[in-house]
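Geometric and topological summary
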Amino acid sequence: MCLQMANLVTSLCCVVLAAVVVAYPRNADRIQYGRIGSDVTMQCGSLDNDVSVSWKMNGTYVKAQHSLEGPRLILTNVSLNHTGLYTCFQKQDDDKHEAIFLQIGIPPLEPTITCRSNTYPQGFYCSWHQQHSTYINTTFDVEVQHNQRSLEVKKDLFHKNRCHVRFPEVFSSFPYKVNVTAINALGKASATKTFEESTIVKPDPPERVTATPIRFNPRRLEVSWHSPATWPDIDNFPLKYFLRYRPLIREQWQHVELSDTTSHNITDAYAGKEYIIQVAAKDTEIGTWSDWSVAVHATPWIEEPVPVVSTTEVEFHTDTKTSPMPCSNAPQKAEPPVGGAATVITFFSRLLLGMLLLLLM
């Protein structure tokens, strides 16, 4: 819940509940806190010092190292195991007199603060965390100042330890000052972070990165991506990009820095090798590089081999006629000519006969 301390404090304060919240029974009359390693004294209501009482923890008589002084229970060197519901009873009637929920924890340490602008020039966010859990409810007061003015702080809807702030102006030379105070029942601690606008600008990684092989080009890959959707004004605040790629068989990356484009053709890929590809983004003027995008994998175009058919798999279908084998290897006797030659001899015999008859006449 963000609370504006108007006219009472010098800045707007964002109060956030810590991630670790320990629920206690509704039947507890009150809650008491103890620091790990310390001694804890619990008083059974307002009974007089000479009244004798007995104590139970979560329904069982107290067995931990302790001492009784009238209506008081003293636990020594407490640990997280001492957390629980304690009830006290007057010995003469065995009726419950009071129920105390004891929570053991530690005071907060100075929180670690990180601020970043991934929506430049709209605004920035700050997040914080404790290096160690306090084990008890802890809240955080956040104050942001710029040029001696307090800025409005809004709680993040999804992250408990994060608040958002809008830039009051762009290209400011005045530093920003963020103060975070962690508070719980055992103490409080504060930390301050001071920075200039240009040092916290860091876009989110590029989105929808794709890598596609180029047909008939065994050493090329076409890579494309989109600017991060959280970057609000790509036209007036353009981004530049850093592409890295490598084959899986090697550890060394190759790099290309690009401006005014969201695509690039890799021309020196190893043929047939699978590649891993990532892209980062940065404002062209200020800030730092984003984290790397989600890695994509691609393999350059590979020519499909021409199928080779084995001759043993081909069936030849031919019609063959067998000639009768000769009875012997001896040469065959030639047959006399017939047909046309015999006709010529018969023709000339008849002509001679006719000429002879003419002479006799």
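Reference entry: report on the structure contained in this document.

Parameters and conventions
Residues numbered from 1 in each chain as written. Predicted model: local features only at pLDDT ≥ 70, side-chain atom pairs only at ≥ 80, totals over all residues. Heavy atoms only, no water. Pairing = 2+ DSSP bridges. Helix = DSSP H or I, 4+ residues; strand = E, 2+ residues; numbered from the N terminus. Axes fitted to C-alpha atoms, helices over the stretch in contact; angles between N-to-C directions. 1 Å grid on protein atoms, 1.4 Å probe; cavity = no way out; pocket = protein on both sides within 12 Å on 5 of 7 lines; lining within 4 Å. Points joined across faces, edges and corners; volume = space filled by probe spheres on them. Nonpolar A, V, L, I, M, F, W, Y, C, P; charged D, E, K, R; others polar. Salt bridge = Lys/Arg side-chain N within 4 Å of Asp/Glu carboxyl O. Buried < 20%, exposed > 50% of the residue type's maximum accessible area, 1.4 Å probe, protein only.

This next bit is on the sheet that holds strand 11 (residues 112-116). Read across the open sheet, the four strands follow the order 11-12-16-15; overall the sheet is antiparallel. Because the sheet does not close on itself, it has two edges, and the strands there are strand 11 and strand 15 (154-155). The pairing of strand 12 (residues 123-129) with strand 16 (residues 162-166) spans five bridges and is classified as antiparallel. Across the sheet, residue Gly123 finds its bridge partner in strand 16, namely Arg166.

The next subject is the sheet that holds strand 19 (residues 207-213). Read across the open sheet, the three strands follow the order 19-20-23; overall the sheet is antiparallel. Strands with a single pairing partner mark the edges of an open sheet, and in this sheet they are strand 19 and strand 23 (263-266). Within this sheet the neighbouring strands show an average axis-to-axis angle of 15°, counted without direction. Relative to strand 20 (residues 221-226), strand 19 runs antiparallel, the two sharing five bridges. Pairing of Pro213 across the sheet is with Leu221, part of strand 20.

A few words now on the layout of surface pockets. Quantified by volume, the largest pocket comes out at close to 300 Å³. Along the walls of the largest pocket sit 13 residues, with Gly123, Phe124, His164, Val165 and Arg166 positioned nearest its centre. The dominant element in the lining of the largest pocket, judged by the number of residues it contributes, is strand 16, at four residues. In terms of residue class, the lining of the largest pocket is built from four nonpolar, five polar and four charged.

Below, the discussion takes up the pattern of salt bridges. For the structure shown, the criterion picks out four salt bridges. Its salt-bridge partner being Asp204, residue Arg116 comes within 2.6 Å of it at the nearest N-O pair. In this pair, Arg116 sits in strand 11 while Asp204 sits in the loop between strand 18 (187-195) and strand 19, placing the two residues 88 residues apart along the sequence. The exposure classification of Arg116 matches that of Asp204, with both residues buried. The partner of Lys202 in a salt bridge is Asp291, with the nearest N and O atoms 3.1 Å apart. Here the residue Lys202 occupies a position in the loop between strand 18 and strand 19, and Asp291 occupies one in the loop between strand 24 (275-283) and strand 25 (296-298), the gap between them amounting to 89 residues.

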